[in-house]
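Listed below are the residues making up each chain.
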Amino acid sequence: MDRTTTDSAAPVGRRERKKAATRQAIADTALRLFLERGYDQVGVREIAEVADVSVSTLFNYFPQGKEALVFDEDAGHEAALVGAVTDRPPGLTIPEALRAHFTAFVTSPHTRDPRFAALQQLVRQTPALREYAHAMSLRHESALAHALAEQTGRPQDDLLCAAYARFTLETLAFAGSRPDPAAAVDQVCRLLDQGWTTSVAQPGVTR
């Protein structure tokens, strides 16, 4: 075994873990302060001080600004959403893959954490966060629409893929307001599946 390669690779892993831990600590600190005192009552400088980092370090991790501290998992959620379509197992249709993805999300420990409901309320009550959430949703919608078009061989600006992406993403908001989110996801996805199968998928093709 090449000891030089092993020794040089290990610190990279430790650095990445340390960076991830620092990023998470900043986001956790911001969320705690926002939920305790309100979004507009907490400044970036205070968050940095409580998290024991400099303001410049905070912006290195969250260059999009204060709003991004609330949506710190934005990129991960988008990647998982697209991956549910592009990396689905053979034989699994796109609607089935998205239904499984949404069901896993609404039943995850993260979503069941009481802080998740408090965070959703904070977003609804804060204009700046509502605006950021809307822009984020549009980005996710566009990314999903492009993945759908790519997987089905349709044009990148295909109207059906764009419409399906929008209505499918609305499933989470709808399900979150229901007593049984998983059942709501299942029912809404079954309804949308019929439109997808009729309008987009071809007979005998897994789409």
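About the cut-offs
- Residues numbered from 1 in each chain as written.
- Predicted model: local features only at pLDDT ≥ 70, side-chain atom pairs only at ≥ 80, totals over all residues.
- Heavy atoms only, no water.
- Helix = DSSP H or I, 4+ residues; strand = E, 2+ residues; numbered from the N terminus.
- Buried < 20%, exposed > 50% of the residue type's maximum accessible area, 1.4 Å probe, protein only.
- Contact = heavy atoms within 4.5 Å.
- Areas by Shrake-Rupley, 256 points an atom, 1.4 Å probe, with all protein chains shown as cover.
- Lys, Arg positive; Asp, Glu negative; His and termini not counted.
- Charge placed at Lys NZ, Arg CZ, Asp CG, Glu CD.
- pLDDT = per-residue confidence, 0-100.
- Phe/Tyr/Trp six-rings, centres within 6.5 Å; stacked < 30°, edge-to-face > 60°.
- Core = buried A, V, L, I, M, F, W, Y, C linked by side-chain atoms within 4.5 Å.
- 1 Å grid on protein atoms, 1.4 Å probe; cavity = no way out; pocket = protein on both sides within 12 Å on 5 of 7 lines; lining within 4 Å.
- Points joined across faces, edges and corners; volume = space filled by probe spheres on them.
- Nonpolar A, V, L, I, M, F, W, Y, C, P; charged D, E, K, R; others polar.
- Expected span 1.5 Å × (residues − 1).
- UniProt positions renumbered as here; feature names shortened; annotations may be inferred.

A short note on the overall build of the protein
So, point 1. Regarding its fold elements, the protein presents 11 helices and zero strands.
So, point 2. Along the protein, helices and strands appear, N-terminal first, in the series α-α-α-α-α-α-α-α-α-α-α.
So, point 3. Taking all 207 residues of the protein together, the buried fraction comes to 36%.
So, point 4. For the protein, the proportion of contacts with a sequence separation of at least 24, taken over those separated by at least 6, is 62%.
So, point 5. Element-wise, carbon and sulfur atoms account for 55% of the exposed surface of the protein, whose accessible area totals about 12,200 Å².
So, point 6. Distance from the positive charge centre (23 side chains) to the negative charge centre (26 side chains) of the protein: 2 Å.

A closer look at the confidence of the model for the protein
So, point 1. Across the protein, pLDDT averages 88, with 91% of residues at or above 70.
So, point 2. A low-confidence stretch, residues 1–10 stays under pLDDT 50, and its non-local contacts, those more than four residues away or across chains, total one contact.

Some remarks on the packing of aromatic side chains
So, point 1. Scanning the model with the defined rule gives four aromatic pairs in all.
So, point 2. An angle of 75° between the planes, with centres 6.2 Å apart, marks the rings of F105 and F116 as edge-to-face. Linking F105 in helix α6 (residues 94–106) with F116 in helix α8 (residues 114–125), this pair joins segments that are 11 residues apart in sequence.
So, point 3. Looking at F105, the relative accessible area reads 22%, which means it is partly exposed.
So, point 4. The class for F116 is buried, based on a relative accessible area of 18%.
So, point 5. Relative to W196, the ring of Y164 lies with its centre 4.6 Å away and its plane at 45°, an arrangement referred to as tilted. Taken as a pair, Y164 in helix α10 (residues 159–176) and W196 in helix α11 (residues 181–199) lie far apart in primary sequence, 32 residues in all.
So, point 6. On the accessibility criterion, Y164 (8% relative accessible area) is buried.
So, point 7. The buried category is assigned to W196, whose relative accessible area is 2%.

Side note on the nonpolar core
So, point 1. In this structure, I26, F34, I47, L69, V70 and F71 are the most contacted members of the largest nonpolar core, which totals 26 residues.
So, point 2. Considering each element in turn, this core owes the most residues, six residues, to helix α1 (residues 3–37).
So, point 3. Counting residues in hydrophobic clusters, the runner-up holds 24 residues, among them A145, A147, V188 and V200.

A closer look at the layout of surface pockets
So, point 1. The volume enclosed by the largest pocket comes to roughly 1,600 Å³.
So, point 2. Taken together, 44 residues make up the lining of the largest pocket; nearest its centre are F105, F116, Q120, M136 and L172.
So, point 3. Element by element, the count of residues in the lining of the largest pocket is highest for helix α9 (residues 127–152), at eight residues.
So, point 4. Here the lining of the largest pocket is composed, by residue class, of 21 nonpolar, 11 polar and 12 charged.

Digging into α11
So, point 1. The first and last C-alpha atoms of α11 sit 27 Å apart over 19 residues, in line with the 27 Å expected at 1.5 Å per residue.
So, point 2. Tucked inside the fold, the buried residues of α11 contact α6, α9 and α10.

Quick look at the UniProt feature "DNA-binding region" (unreviewed entry) in the protein
So, point 1. Here, UniProt's "DNA-binding region" (unreviewed entry) annotation points to residues 43–62.
So, point 2. Helix makes up 75% of residues 43–62 and strand makes up 0%, while its end C-alpha atoms are separated by 14 Å.

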